[in-house]
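This is what each chain is made of:
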Amino acid sequence: MGVADKIAIIGHNGWVASHIIRALAAHPFHQPLRILARQGSSIAQLPSNVEVFHYAWDDYTALHNALRGVDILISFLGHEVLKEQAKLIRPMQEAGVKLFVPSDLALPYTDEERTNVQVPRDKGELEQELKANEIPFVVICIGNFTSFALDSPCVIPERDYSQLANEVQIHGRRYAEQPHRSRWQKPTRDYVTAGFVSIFSQAGPSELAGRLIGLNELRPTTLEIEQAMAKQSGRQPQVSNETVENMAREAQQGRLDALVRKKMGDGSHTAVRSMDEVWQFDSTKTCLEELIRRSPIDDPPYIAQSDGTLHFLDKYFQS
C-alpha cells in the first residue's frame, strides 16, 4: 500500500501544491514527506514535519541526493519550467525512484492538439522521454479547476468582484455549437487535494504506473450552469456565442485558452478517456449551486486580477 512509500514533491509553492503538501504531511505515512525546494525559494509556509532538500537545475549532485531513498516523486512545477522536468530523468534513474508523477492538473490532449500549443506540447514531449528512458509514471488529470472556470477574472467580464454572486457571467457564453450537451470537468481545490491523498495512501508505484487517472467532482453542462446562475440572481445571465471552428483556428496560433475552449465546445473537455479511469474515493462533492453562491470560490483566487484578465472577454460583452 502507498503508506509505506517515500514520497517527495518538487514545486511546492503553487496555488494547489501548498494545499496538497499540507494534506499529505498530515497523513500517517510511514516516512516523512520530502520537499525538493529550489535554492532561493521560500520554505516559510511548509509544514514543520517535512524534510527539505535544496536543489538547482544545473547541480546534478544536489538533485541526486534529494532523490535518494524516494519511491514516488510528484511534480507541481509551473508552465514556465515544464521542460526542466527532463533534467530529473537521470537522477531518478540512478536514485531508483519507482514512480514519477509529471506536472499536469489539466486535460489530456491529442497529438494534433499538442502540435501548436506549447504547454501540452511540453507535457507530451516529456512523456515520450520518460517512456524512452523507462521511467515509470502516472498522469493525473482533473479537467480545469472550478475556480478557473467559475470565478477567475479572465473568464468573467465583471469589474466589481464583490458583486460576483449576483453578476456572474461565467459560461454565460457558449463556446460551442452544441454547448448544452458538453460536460466539462471542474473539480475544486479541496477535492483534488483529497484525491491526491487517497491515491498515494491507497496505491503503490506498481499499481499506478502506466495509468491515466482522472478526478471527477463536477461535470456540468453550459445549460446547467446558466440555470444555476439564473436561480441565484433571479434573472437570466448574459450570453455570448463562440464557435468551435474559431477556437480551433486560434489554438493553431498557439493559444492555450482557445484550445481549452475548443475542447469545451467539441465535447472532449474531460479529464480522462473513459469513466473507468476516474479514481473512486469517499469525499463530499460540492454541488454547482453552492459554488455559484461563493464569491470568490477560493482565497486567494486561482488567477489574480489584472488589467489583462479583467478585460479578457470584453469583445464578447460590449455594453
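Our subject is the structure listed above.
Residues numbered from 1 in each chain as written. Predicted model: local features only at pLDDT ≥ 70, side-chain atom pairs only at ≥ 80, totals over all residues. Heavy atoms only, no water.

Trainee: For this particular structure, what's the right way to read the sheet that holds strand β3 (residues 51-55)?
Mentor: In a beta sheet, neighbouring strands are held together by backbone hydrogen bonds and run either parallel or antiparallel to one another. Reading across the sheet, the five strands line up as β3-β2-β1-β4-β5 and stay open at both edges, with parallel pairing between neighbours. Taken across any chain shown, the strands that pair with only one partner, and hence form the sheet edges, are β3 and β5 (99-101). On average, each strand axis in the sheet is tilted by 20° relative to the strand beside it, whichever way the strands run. Inspection of the sheet shows strand β1 (residues 7-10) paired to strand β4 (residues 72-75) by four bridges, in the parallel sense. Looking across to β4, one finds that I10 is bridged to S75. Contacting β1, β4 and β5, helix α8 (residues 189-202) crosses the sheet at an angle of about 165° to β4. (Pairing = 2+ DSSP bridges. Helix = DSSP H or I, 4+ residues; strand = E, 2+ residues; numbered from the N terminus. Axes fitted to C-alpha atoms, helices over the stretch in contact; angles between N-to-C directions. Contact = heavy atoms within 4.5 Å.)

Trainee: How do you make sense of the pattern of salt bridges when you look at a structure like this?
Mentor: Any two side chains of opposite charge can pair, so long as their charged atoms come close to each other. According to the stated counting rule, one finds 17 salt bridges in the structure shown. Of the charged contacts in the structure, one is a salt bridge between E51 and R34, with a shortest N-O distance of 2.9 Å. Of this pair, E51 sits in strand β3 while R34 sits in strand β2 (residues 34-38), and the two are 17 residues apart along the sequence. Relative accessible area serves as the criterion here: at 24%, E51 is assigned to the partly exposed category. Linking E113 and K263 is a salt bridge whose minimum nitrogen-to-oxygen distance equals 3.1 Å. In this pair, E113 is assigned in helix α4 (residues 111-114) and K263 in helix α12 (residues 256-266), connecting sequence segments 150 residues apart. Each member of the pair, E113 as well as K263, is classed as buried. (Salt bridge = Lys/Arg side-chain N within 4 Å of Asp/Glu carboxyl O. Buried < 20%, exposed > 50% of the residue type's maximum accessible area, 1.4 Å probe, protein only.)

Trainee: Any chance you could explain helix α11 (residues 244-251) here in plain terms?
Mentor: Count 3.6 residues to each turn of an α-helix, and residues three or four apart come out pointing the same way. Among the residues making up α11, those that are buried are V244, M247 and A251. The buried residues of α11 all sit within an arc of 65° when viewed along its axis, so they share a single face. (Arc of directions from axis to C-beta.)

Trainee: Sorry, what's going on with the nonpolar core here?
Mentor: Inside soluble globular proteins, nonpolar side chains tend to come together where they are buried. If you look at the biggest cluster of nonpolar residues, it comprises 36 residues, and the most contacted ones within it are L33, I74, V192, F196, F200, L208 and L215. For this core, the element with the highest residue contribution is α8, accounting for six residues. With near-sequence residues (within four places) excluded, L215 lies in contact with I140, C141, I142, Q185, Y191, V192, G195, F196, I199, W279 and F281. Counting 27 residues, the second-largest nonpolar core is a separate cluster that includes A8, L77, A95 and V278. (Core = buried A, V, L, I, M, F, W, Y, C linked by side-chain atoms within 4.5 Å.)

Trainee: Got a minute to help me understand the packing of aromatic side chains in this structure?
Mentor: Aromatic ring pairs are reported here in terms of the distance separating the ring centres and the angle at which the planes meet. One pass over the full model with this rule turns up eight aromatic pairs. Centroid distance F76 to F196: 5.5 Å. Interplanar angle 50°. Geometry classified as tilted. Of this pair, F76 sits in the loop between β4 and α3 (89-95) while F196 sits in helix α8, and the two are 120 residues apart along the sequence. When its relative accessible area of 10% is taken as the criterion, F76 is described as buried. Residue F196 is classed as buried on the basis of its relative accessible area of 2%. Ring centres 6.0 Å apart and planes at 40° place the aromatic pair F196 and F200 in the tilted group. Of the two residues, F196 and F200 are both situated in helix α8; the distance of four residues between them amounts to about one turn of the helix. Here the two residues F196 and F200 agree in accessibility, since each one is buried. The ring of Y60 has R90 sitting right over it, with the charged end atom 4.0 Å from the ring centre. Of note, R189 hangs over the ring of W15, and the distance from its end group to the ring centre comes to 4.3 Å. (Phe/Tyr/Trp six-rings, centres within 6.5 Å; stacked < 30°, edge-to-face > 60°. Lys NZ or Arg CZ within 6 Å of the ring centre and 35° of its normal.)

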